[in-house]
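In case you want the letters, here they are:
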Amino acid sequence: MDTEAVSAADFAACLADLEKVNRLTLAARPTLAFLARLTAGWPRGTELRLLDAGSGQGEMLRQIHRFATRRGLVPRLTGVDLNPHAAAAARAATPAGMAIDWVTADIFDLRGVPAPHVITSALFAHHLDDAGVVRFLRWMEETASHGWFVNDLHRHWFAHHGFALLAAAMRWHRFVRHDGPLSVARAFVAADWARLLGEAGVQGARVTWHLPFRLCVARIRR
Ligand SMILES: C[S@@+](CC[C@H](N)C(=O)[O-])C[C@H]1O[C@@H](n2cnc3c(N)ncnc32)[C@H](O)[C@@H]1O
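Figured I'd write up the structure that's included with this text.

Attention now moves to the environment of P30. Here P30 shows up in helix α2 (residues 28-38). With 21 C-beta atoms counted inside 10 Å, the residue P30 sits in the buried group. Sequence separation between P30 and C14 is 16 residues, and the spatial gap between their C-alpha atoms is 23 Å. Not counting chain neighbours up to four residues away, the residues in contact with P30 comprise N151, H210, R214 and C216.

Burial analysis of strand β1 (residues 47-53) places five of its seven residues in the buried class, which makes it a mostly covered element. Bridge count for β1 against strand β2 (residues 74-81) is seven bridges, and the pairing is parallel. Along β2, the bridge assignment pairs L50 with L77. Remark: the β1/helix α3 (residues 59-70)/β2 crossover connection has right-handed handedness. Of the pairings in the sheet, the one linking β1 to strand β4 (residues 118-122) comprises four bridges and is parallel in character. Bridging from a neighbouring strand, L50 pairs with V118 of β4.

Turning our attention to the site of the ligand. Around the ligand, the surrounding shell holds 18 residues, and the nearest of these are G54, G56, L82, I107 and A122. Among the elements of the structure, α1 (8-24) and β2 are those that each provide at least two residues to the shell around the ligand.

With respect to topology, seven strands assemble into an open sheet ordered β3-β2-β1-β4-β5-β7-β6, the strand pairing being mixed. The open sheet is flanked by β3 (100-104) and β6 (205-210), the only strands paired with a single partner. Direction aside, the axes of adjacent strands within the sheet are offset by 20 degrees on average. Packed on one face of the sheet, α3 meets β1, β2, β3 and β4 and runs near 170 degrees to β2.

Below, the discussion takes up the nonpolar core. Core analysis: the largest hydrophobic core is formed by 60 residues, its most contacted members being L15, I64 and I119. Sequence-distant contacts of I64, that is, excluding residues within four places in its chain, are made with L35, L50, P75 and L77.

Attention now goes to helix α4 (residues 84-93). What α4 keeps buried is the set H85, A86, A87, A89 and A90. Buried positions along α4 lie against α1, β2 and β3.

This part is about unusual backbone geometry. Geometrically, the link from L211 to P212 is a cis peptide bond, its omega value of -15 degrees lying close to zero. For P212, the location among the structural elements is in the loop between β6 and β7 (214-220). One non-glycine residue with positive phi stands out, namely L26, at about 50 degrees. Take L26: it is sitting in the loop between α1 and α2. For L26, a count of 13 C-beta atoms within 10 Å translates into the label partly exposed. If you check the backbone angles, L123 has positive phi at about 55 degrees while not being a glycine. Examined against the element boundaries, L123 turns out to sit in the loop between β4 and α5 (130-143).

Parameters at a glance
Residues numbered from 1 in each chain as written. Predicted model: local features only at pLDDT ≥ 70, side-chain atom pairs only at ≥ 80, totals over all residues. Helix = DSSP H or I, 4+ residues; strand = E, 2+ residues; numbered from the N terminus. Buried ≥ 20, exposed ≤ 12 C-beta atoms within 10 Å, placed from the backbone. Contact = placed C-beta atoms within 7 Å. Pairing = 2+ DSSP bridges. Right-handed = clockwise from strand over helix to strand, strands pointing away. Near = placed C-beta within 6 Å. Axes fitted to C-alpha atoms, helices over the stretch in contact; angles between N-to-C directions. Core = buried A, V, L, I, M, F, W, Y, C linked by C-beta atoms within 7 Å.

Here it is, written out as structure tokens:
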């Protein structure tokens, strides 16, 4: 999917299936738990300015919007994705009245969005090479005033084979069937994050494992 020229229809179908994978694997849970910790004690009516990197079809941001609204916060959410088909798919999947900005840009060339309290990403970091991850960590550290959260996969043989079987059984889009196991292979173990955080010079981040096979990195500034 990163390397082929993909039509809008294929990209949208692929993102729609990815959303099913995310729902089935409770992908939003660690991100929402992190946000609950980060915003604990924030008075009702406070703005939550949050930017999601590599937002795809945007389901994480819709869940964050519902989370913030339930807590009485005022969500100001921006999804950024390099692929122009992503913004179109995200807009189509977002209910009218749920205000989320969908921006087409390379996250590293982003200009003119409101300074975020928080930066999140899901299944994005493994698209970057090591130098890109280090750059991403430094950029989040410089850009997010309150903290950031990386939600990604744990590189593990069971996740690799288990996903391949599940995707075939569910007849998900061929890109999802192909890219899922590849994503697991390109993902992380805890030692990778320790090394990458060290290279980026980031201190105070926590690496946590979440069922099933999510490895996340959380940073909250106190
Ligand atoms: C696997 S998808 C994840 C989508 C969504 N976050 C999710 O969890 O389903 C990764 C997304 O990152 C986007 N992406 C890759 N490199 C990017 C970059 N440098 N800047 C912004 N988006 C990027 C891709 O276009 C793709 O939509």
